[in-house]
Every structure is written in structure tokens, then in C-alpha cells.
Amino acid sequence: MAMAMATTKHRHKSSHGEGGVSSSASASASAFDGGSRYGSGYYKNAKGAQHGDKGSSLQRKLKDRELQTFVIGLTLLSTTCLLMSMRSQLKVQPLRLASDQCEPVTQERLDGMVYICNGAGCDYSFLCHSINLLRFESNWQGPIYVISDRQDFISEAACENNRAKYEVIVAPETPTMMHMKNFKRQLFDLVPNNATRLIYIDADILPVGCLHDFLANENPKDIGMFLDSWCKGCNKFLGGFVYMTNTEATRRCLQEWIDESSSDDFKRYKKDQDAMDSILAKGSVCNEAIHTLSSSYIETFDDNMILPLFGVIRGKAPTFQHFSHGIRGLPIWPRIKRNIEGQIEHVYNIEDDDESGESKQQQQRFVNK
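These numbers were taken from a predicted model, which means no experiment stands behind them. (Residues numbered from 1 in each chain as written. Predicted model: local features only at pLDDT ≥ 70, side-chain atom pairs only at ≥ 80, totals over all residues. Heavy atoms only, no water.)

1. Focus on the overall build of the protein chain
Inference 1: When its secondary structure is counted, the protein chain shows 16 helices and 10 strands.
Inference 2: The burial tally for the protein chain puts 42% of its 369 residues in the buried class.
Inference 3: For the protein chain, restricting intrachain contacts to residue pairs at least 6 apart in sequence, the fraction spanning at least 24 positions comes to 71%. (Helix = DSSP H or I, 4+ residues; strand = E, 2+ residues; numbered from the N terminus. Buried < 20%, exposed > 50% of the residue type's maximum accessible area, 1.4 Å probe, protein only. Contact = heavy atoms within 4.5 Å.)

2. Some remarks on the environment of T319
Inference 1: Within the element layout of this structure, T319 appears in the loop between α12 (306-314) and β10 (320-323).
Inference 2: Looking at T319, the relative accessible area reads 3%, which means it is buried.
Inference 3: Expressed as a C-alpha distance, the spacing of T319 and V208, which sit 111 residues apart in the sequence, is 5.4 Å.
Inference 4: Discounting chain neighbours no more than four positions away, the residues touching T319 are L206, P207, V208, G209, C210, L211, F214 and Y297.

3. Comments concerning helix α8 (residues 248-261)
Inference 1: Compared with an ideal rise of 1.5 Å per residue, which puts 14 residues at 20 Å, α8 spans 20 Å between its outermost C-alpha atoms and is within 8% of the ideal.
Inference 2: Among the residues of α8, those classed as buried are T250, C253, L254, W257, I258, E260 and S261. (Expected span 1.5 Å × (residues − 1).)

4. Concerning the nonpolar core
Inference 1: L127, I131, F214, F226, F241, F320 and F323 are the most contacted members of the largest nonpolar core, which totals 50 residues.
Inference 2: Counting residues in hydrophobic clusters, the runner-up holds 33 residues, among them M244, Y269, A275 and I279. (Core = buried A, V, L, I, M, F, W, Y, C linked by side-chain atoms within 4.5 Å.)

5. Let's talk about the pattern of salt bridges
Inference 1: Per the stated rule, a full pass over the model turns up 10 salt bridges.
Inference 2: Here E260 ties to K282 by a salt bridge, and the two come within 3.3 Å at their closest N and O atoms. With E260 in helix α8 and K282 in the loop between α10 (272-281) and α11 (286-289), this residue pair connects regions lying 22 residues apart in the sequence.
Inference 3: Of the residues examined, E260 reaches a relative accessible area of 8% and is grouped as buried.
Inference 4: The class of K282 is exposed, set by a relative accessible area of 58%.
Inference 5: The partner of R268 in a salt bridge is D264, with the nearest N and O atoms 3.2 Å apart. (Salt bridge = Lys/Arg side-chain N within 4 Å of Asp/Glu carboxyl O.)

6. Structural notes on the confidence of the model for the protein chain
Inference 1: Mean pLDDT for the protein chain: 81, with 77% of residues reaching 70 or above.
Inference 2: Low pLDDT, under 50, characterises residues 1-44; the predicted model gives this stretch 0 contacts beyond four residues in sequence or across chains.
Inference 3: Every residue in residues 352-369 is under pLDDT 50, and counting partners more than four places away or in other chains gives 19 contacts. (pLDDT = per-residue confidence, 0-100.)

Below you can see the structure in the form of C-alpha cells.
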């Protein structure tokens, strides 16, 4: 009886305990449900927060882009101002003269440098600058020939009474420019002493670097020419500089050039480069005879001054600078020419320079020859 009552009590306690567990579970479930609802509410709020973060991120990106645009614009403006300043400086210092004393060059490398100055149209003042730079800056110690019909050259009164020691080849008067230009294609018949290697150079090309460096790296078998400037309407080759060796191929090429440029009684072409382009297109021997000289040795001072600007940026050190007809036809040219004359004043005063002893000795050696 007692055991039955104890067992019944025990069962009641167990039942109460199980009921307690059920209540706890219900409470836990209720708490979980409440948590789920809170959690759902929380996630809704998180989505809103995410939308806010996206908005802030977009604003940051826009600000970054604005900053990048500002920096790029400022860089472009600064670069443009720098380029404009450098371009303006070209008008003040047009020449890039050799920084060191050039090694002397004698007839062992070349038989002569040849200029042509015929008629009143010849700018003999600029020609004199080219001759003096060739002699005293580029340090050419060999013969300089001037083919001319002008009395000031024939009498050797030009270029400060022939200070640079040129030799005159008297030429007949020429009725047209093309007649005069044909002289450069006849140099082996005009220059004395059976020359075999000559360079024809226009008066508007100034030697500013070392001729020795150029000749050490350029040795054309027949003819060497620079490419013409890069521009609309430019020709393939620059006609103002011809490095020629007296070979059969050279003579054939030059004769074909003479024949074409003389077409229609010298009236077909205004530029002899046009005649050259024509014979090249016809399959002339000149296609094989002409070697393209490296453009690193020459720089054209064009009317927009773009090429010399790029040359300065690249640190180019040309041997020759070509002052094209375009730049010489602009109102700014007299100023540029005056500044050129200021830059080469030392060339004309080189004998009075105490530091130029070696140059004076070299000049004296040439004069004694």
C-alpha cells in the first residue's frame, strides 16, 4: 500500500517534471518565434542599411571620378603650358649646337662640301652662316666650294672676305631656278681635282653638330639622301642634301634626274624633288642607288615648330638643322634669324677666344695648306 502510494507520488512528480519540460520548450519556442520575428525585422533593417551603403559608395565613386578628372585636366593644362613654353624658347634659341669640341675632319673622309649661290635670290648671309658653322663648329678642314655667278663671291669679298676659306667655282648665269639646281647633279664635272666623294648642301641647312660623327656612321655606296619632312605634300627625299660617290649607278641616277627636271624646257616642275619622285615612280635606277640617311642626323625647323619641339623633348642632337621655306616665309623669321646670329656669334669671334687655341691651330694648319 505504502509502495503503491510512493510510486503514485513518484509518477506525479515525473508527470509534473515532464510538464515542466514541456512548458520550457513552449517558452523556448515562443522565444524563438519572437526572435524570428525580431530577426525578420532586423533583416529588413539590414536591407535598408545595405541600400544606404550602396548610395554612399556611389557618391564616393563619383567624387573619385571628379578628382581623377580634375587631376587629368590639371596635368594636361600643365603639360600644354610646358610645351608652349618650350616652343616659345625655340624662337629664342633655335640652334642646338654641339656641346663639345668636334674632332677635325679632313679630305681622307670626303673630297669637299659644295654650296650653290646663283643670282639675286641667293640669301648669301645665311649661306655665310652655314659655311662658317661648317668650318668652325663642325670642324670640317677640307675644301668648301661655292658655285656662284655673284661678284661678291667671285672676288672673295663675301662672308667677311672669305674668312672660312671657300673656293669659288664660277658658274654662268641661269635663267631659271631649275637650271641652277641642275648644277648639284653635275658636281663631278664641275668640282676640280677629280673628286670622288662630295656632299651638296643647301644654304638653308646649318651644320650644328660634329661632321666627324656623321661621316663615321654614314658611308653610302652611291648616293645618300635624307627623307623629306613629314607633312602634307612633302616629297620622298630632301633635295637640299646629297651625299654622292662617283660611281656608275650615281651618274646614271643623276642623269635621269637631270633629264626629268629639264622636261618641257625646264617648265614641268617647280621643285626638283617632284622630278625625283616622278623618276622613282617609273622604276629609275635611283631606287637602288639612293641610300636613306638616318634622320637622327638632321632636323627640320618647320613652320609650326613641331619637329624641333619633339627633338628637344627626345634630347635629339642633330648634325644639321634645316630651316625650311615654310618657317622662312613667316613674319617671325627675322626674329628667329637674329637669334640664330646671336647663338653663333662665338663662331665669328673664335680667333679672339683664349680657350680656342686648338681651333686656331687647326684653322692655321688648313690655311697653310
